[in-house]
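# Results of the structural survey
Chain by chain, the residues:
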Amino acid sequence: MKALVLSGGSGTRLRPFTYSMPKQLMPVANRPVLEHVLENIRELGVSEVAVVVGDREREIAAVLGDGARLGLRLTYIRQEQPLGLAHCVKIAREFLGEDDFVMYLGDSMLPQGVKEMAREFAEHRPTAQVVVQRVADPRAFGVAEVAPDGRVTRLVEKPEQPRSDLALTGVYFFTPVIHQAIDKIPPSARGELEITDALQWLVSYGATVRAREYTGYWKDTGRAEDVLDCNRELLRAVERSVGGLVDDSVLTGPVVVEPGARVVRSRIVGPAIVGAGSQVVDSHVGPYTSIGRGCRLRDTAVEDSIVLDGASVSRVPALRGSLIGRSAEVTSADGGTAHHRLVVGDHTQVEVAA
């Protein structure tokens, strides 16, 4: 089996961060979302992975390289225009050959992994298998209607009146027959080749398409609040590890202080991570906080937040539910007041008011 990871989206809902980085590189628990995705794929025993990229190819390749660091062999495939998920499969045809493959959206977080789904696909080998989850409002998703025996009877993209609450999570398992279906479907009204249309073509012509329900945590990291929620979820699994310098400070619970980091006269309550080369001085870091690499925190209290690499925060007494971009500077000349959901883009200087 091979893998196809789709990482070409523009990420308009995650601005201002996606002005300066691909949304798939947004860090969650100090690692890019895309690395979490690729880790899930490696756990399936898959090593050959194609990453479909758009105009941010150079930035993604600079982080992932050839994949050796992650135990994978990566191939990059350029999609010049966002012409749909099925179009991604079409342009990857040469790479995929006649192999079965898993297709995975590069901004979908499923921390519990999909090993059981892959095992079931390999055992029964339907023409295609979709991974679904029950949602309260299916209108924003591709939706699968599923018979009691697990066979998909109908698929609809973002239905106005859903007849099922089973949403497609962005993970699909395919046999090579999917290429035939993609060759047969026309572009949708929005000018894209929809993977739901290709799957529906298979269903209409009698092929076996099955659904497997995923009951773990799932989130599309398309918005700032989604990234923060994912950060909380992943930090719940961290274990205490102190590789940096801790001087006259108190660490409570599962706290990670990476090598090269310094924590001085501060208190950190886990789960939390302080990245390599960062300095936390005279500060309080509360639960569910990820401090990136090379950051500077001084006279500051922060919790339930993500501070990206190279950022600095000083004299801010209560920062909560916030995203501070790479190399951003957040200060308060007079000590300020509490700030909730502060979103600061990369390389931005902000002085918060009292």
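Structure: above.
What comes next is a walk through the structure. Being a predicted model, the structure only gives us computed values, none of them experimental.

## Focus: the overall build of the protein chain
- The helix and strand tally for the protein chain stands at eight helices and 33 strands.
- Its C-alpha radius of gyration of 22 Å places the protein chain within 12% of the 20 Å reference for a compact globule of 354 residues.
- Overall, the C-alpha framework of the protein chain stretches about 70 × 40 × 40 Å when taken along its three principal axes.
- Within the protein chain, the fraction of its 354 residues that count as buried is 55%.
- About 15,100 Å² of surface is accessible on the protein chain, with carbon and sulfur atoms providing 46% of the total.
- In the protein chain, 41 positive and 46 negative side-chain charges are present, and the distance between their average locations comes to 0 Å.

## Digging into the nonpolar core
- If you look at the biggest cluster of nonpolar residues, it comprises 50 residues, and the most contacted ones within it are Leu38, Ile41, Val49, Val114, Val171, Phe173 and Leu323.
- Residue contributions to this core peak at six residues, all from helix H8 (residues 224-235).
- Not counting the four nearest positions on each side in its chain, Val114 is found in contact with Leu44, Tyr104, Val171 and Phe173.

## Side note on the sheet that holds strand S29 (residues 323-324)
- Sheet architecture is open: seven strands sit in the order S14-S17-S20-S23-S26-S29-S32, paired in parallel fashion. The two strands at the open ends of the sheet, each matched to only one other strand, are strand S14 (241-242) and strand S32 (343-344).
- Here S14 pairs with strand S17 (residues 255-257) via two bridges, running parallel. Across the sheet, the residue bridging to Ser241 is Val256, located in S17.
- In the packing of H8 onto the sheet, the strands contacted are strand S20 (272-274), strand S23 (289-291), strand S26 (306-307) and S29, and the crossing angle to S23 comes to about 95 degrees.

## Details of helix H7 (residues 195-204)
- For H7, the tally of buried residues reaches eight of 10 residues, placing the bulk of the element in the interior.
- Buried within H7 are the following residues: Ile195, Thr196, Ala198, Leu199, Gln200, Trp201, Leu202 and Val203.
- Residue Gly206 follows H7 closely and has a positive phi angle near 85 degrees.

## Considerations on the pattern of salt bridges
- A complete count under the given rule lists 33 salt bridges for this structure.
- Here Arg190 and Glu192 are joined by a salt bridge, their closest N and O atoms 3.5 Å apart.
- Judged by its relative accessible area of 18%, Glu192 is buried.
- Residue Asp226 is joined to Arg223 by a salt bridge in which the shortest nitrogen-to-oxygen separation is 2.9 Å.
- Classification of Asp226 by relative accessible area gives buried; the value is 6%.
- Judged by its relative accessible area of 35%, Arg223 is partly exposed.
- Linked through salt bridges whose partners overlap, the residues forming this network are Arg31, Glu35, Glu39, Arg42 and Arg69.

## Observations regarding the pairing of strand S4 (residues 48-53)
- With five of its six residues buried, S4 lies for the most part within the structure.
- Sheet topology places strand S1 (residues 2-7) next to S4; five bridges connect them, and they run parallel. Residue pairing in the sheet places Leu4 in a bridge with Ala50 of S4.
- Sheet topology note: the S4/strand S5 (residues 73-78) ladder contains six bridges and is parallel. Within S5, the residue paired with Val51 across the bridge is Tyr76.

What counts and how
- Residues numbered from 1 in each chain as written.
- Predicted model: local features only at pLDDT ≥ 70, side-chain atom pairs only at ≥ 80, totals over all residues.
- Heavy atoms only, no water.
- Helix = DSSP H or I, 4+ residues; strand = E, 2+ residues; numbered from the N terminus.
- Rg over C-alpha atoms; globule rule 2.2 N^0.38 Å.
- Buried < 20%, exposed > 50% of the residue type's maximum accessible area, 1.4 Å probe, protein only.
- Areas by Shrake-Rupley, 256 points an atom, 1.4 Å probe, with all protein chains shown as cover.
- Lys, Arg positive; Asp, Glu negative; His and termini not counted.
- Charge placed at Lys NZ, Arg CZ, Asp CG, Glu CD.
- Core = buried A, V, L, I, M, F, W, Y, C linked by side-chain atoms within 4.5 Å.
- Contact = heavy atoms within 4.5 Å.
- Pairing = 2+ DSSP bridges.
- Axes fitted to C-alpha atoms, helices over the stretch in contact; angles between N-to-C directions.
- Salt bridge = Lys/Arg side-chain N within 4 Å of Asp/Glu carboxyl O.

None of the figures reported here should be taken as evidence of function without further support.
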